Amino acid sequence: MFILTKIADLVQIKPEDFDKDAAQAIEDNINEKFSNRVIQKIGLCVCLYDLLSASEGLIGHGTGLVNVNVEFRLIVFRPFKNEVMVGIISSSSPRGIRIRLNFFEDILVPPHKLPPNTHFSPSEQVYIWDAGETDEEKLYFDNHEKVRFRIEEEKWHDQSPQGPGKDGDGEGEGKSPYSLVAAMDDSGLGPCLWWDGEEGVEEGMEE
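Here we summarise the structure given alongside this text. (Residues numbered from 1 in each chain as written. Predicted model: local features only at pLDDT ≥ 70, side-chain atom pairs only at ≥ 80, totals over all residues. Heavy atoms only, no water.)

So, on to the overall build of the protein chain. Within the protein chain, the regular secondary structure consists of two helices and 14 strands. For the protein chain, buried positions account for 33% of its 207 residues. In the protein chain, 63% of the contacts between residues at least 6 apart in sequence involve partners at least 24 apart. Summing over all exposed atoms, the protein chain offers an accessible surface of approximately 12,600 Å²; the carbon and sulfur share of this is 47%. (Helix = DSSP H or I, 4+ residues; strand = E, 2+ residues; numbered from the N terminus. Buried < 20%, exposed > 50% of the residue type's maximum accessible area, 1.4 Å probe, protein only. Contact = heavy atoms within 4.5 Å. Areas by Shrake-Rupley, 256 points an atom, 1.4 Å probe, with all protein chains shown as cover.)

Right under this line is the structure:
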């Protein structure tokens, strides 16, 4: 789910940070710049892991900023394909089920990645799995339910600004720069309550 990525960059220390320890000022600058930021084809940056090297600081002309070339490693969120994870159903629509983690919300389970005989109920705004022939065998993907899901695909949308006269095709407009497609179509996947019982769900939530 998390990886370490090495990055080389130029950081600029502001005059108001000169009273800090040099290493602390650099670390704060890196976290401010990269935390909660998506880097294309790398993932969602969480925080600095460690600082590998830093050059001597050079004061920029007319700015008062100290420029430092640094090399460091970041903790990055990028789950691998077929990884099984646990999250919470945030909402459901005809497009599928949206799942959120504590720090990430762009996970979609499309209808064809749900168990066979699963349909969307417009009145209840949930998906229902007809696991048998009776009403007692109907299983609900309720909102705010804790679920187990499998990563199927990652999607990237470049949000770099277009130059003059380059309107683009509008494909990436309004989309998250990084999103995941998941599945809940196998045994053990879906609401944890189905497979673990109430005690198992409560223990999982405590963890």
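Scanning all chains against the criterion turns up ten aromatic pairs. Measuring from centroid to centroid gives 5.1 Å for F120 and Y127, while their planes differ by 50 degrees, and the two rings are tilted. Given a relative accessible area of 2%, Y127 falls into the buried group. Centroid distance F141 to W194: 4.9 Å. Interplanar angle 70 degrees. Geometry classified as edge-to-face. Of this pair, F141 sits in strand β11 (residues 138-141) while W194 sits in helix α2 (residues 192-206), placing them 53 residues apart in sequence. (Phe/Tyr/Trp six-rings, centres within 6.5 Å; stacked < 30°, edge-to-face > 60°.)

This part is about the sheet that holds strand β10 (residues 126-130). Strand order in the open sheet formed by three strands is β9-β10-β11, with antiparallel pairing between adjacent strands. The open sheet has two free edges, formed respectively by β9 (118-121) and β11, since each of these has just one partner strand. Strand after strand, the sheet turns through a mean of 30 degrees between neighbouring axes, direction not considered. With four bridges connecting them, β9 and β10 associate as antiparallel partners. Counted as the bridge partner of F120 is Y127 from β10. (Pairing = 2+ DSSP bridges. Axes fitted to C-alpha atoms, helices over the stretch in contact; angles between N-to-C directions.)

Counting 23 residues, the largest nonpolar core has F77, I97, I99, F104, I107, F149 and M184 as its most contacted members. Of all elements in the fold, only β6 (84-93), β7 (96-100), β8 (107-109), β12 (146-156) and β13 (178-183) reach the threshold of two or more residues within this core. Those residues in contact with I97, other than ones at most four positions away along the chain, are I89, S91, S92, I107, L108, V109, L114, Y127, F141 and M184. Listed in part, the 16 residues of the second largest apolar core include I13, F34, C45 and V66. (Core = buried A, V, L, I, M, F, W, Y, C linked by side-chain atoms within 4.5 Å.)

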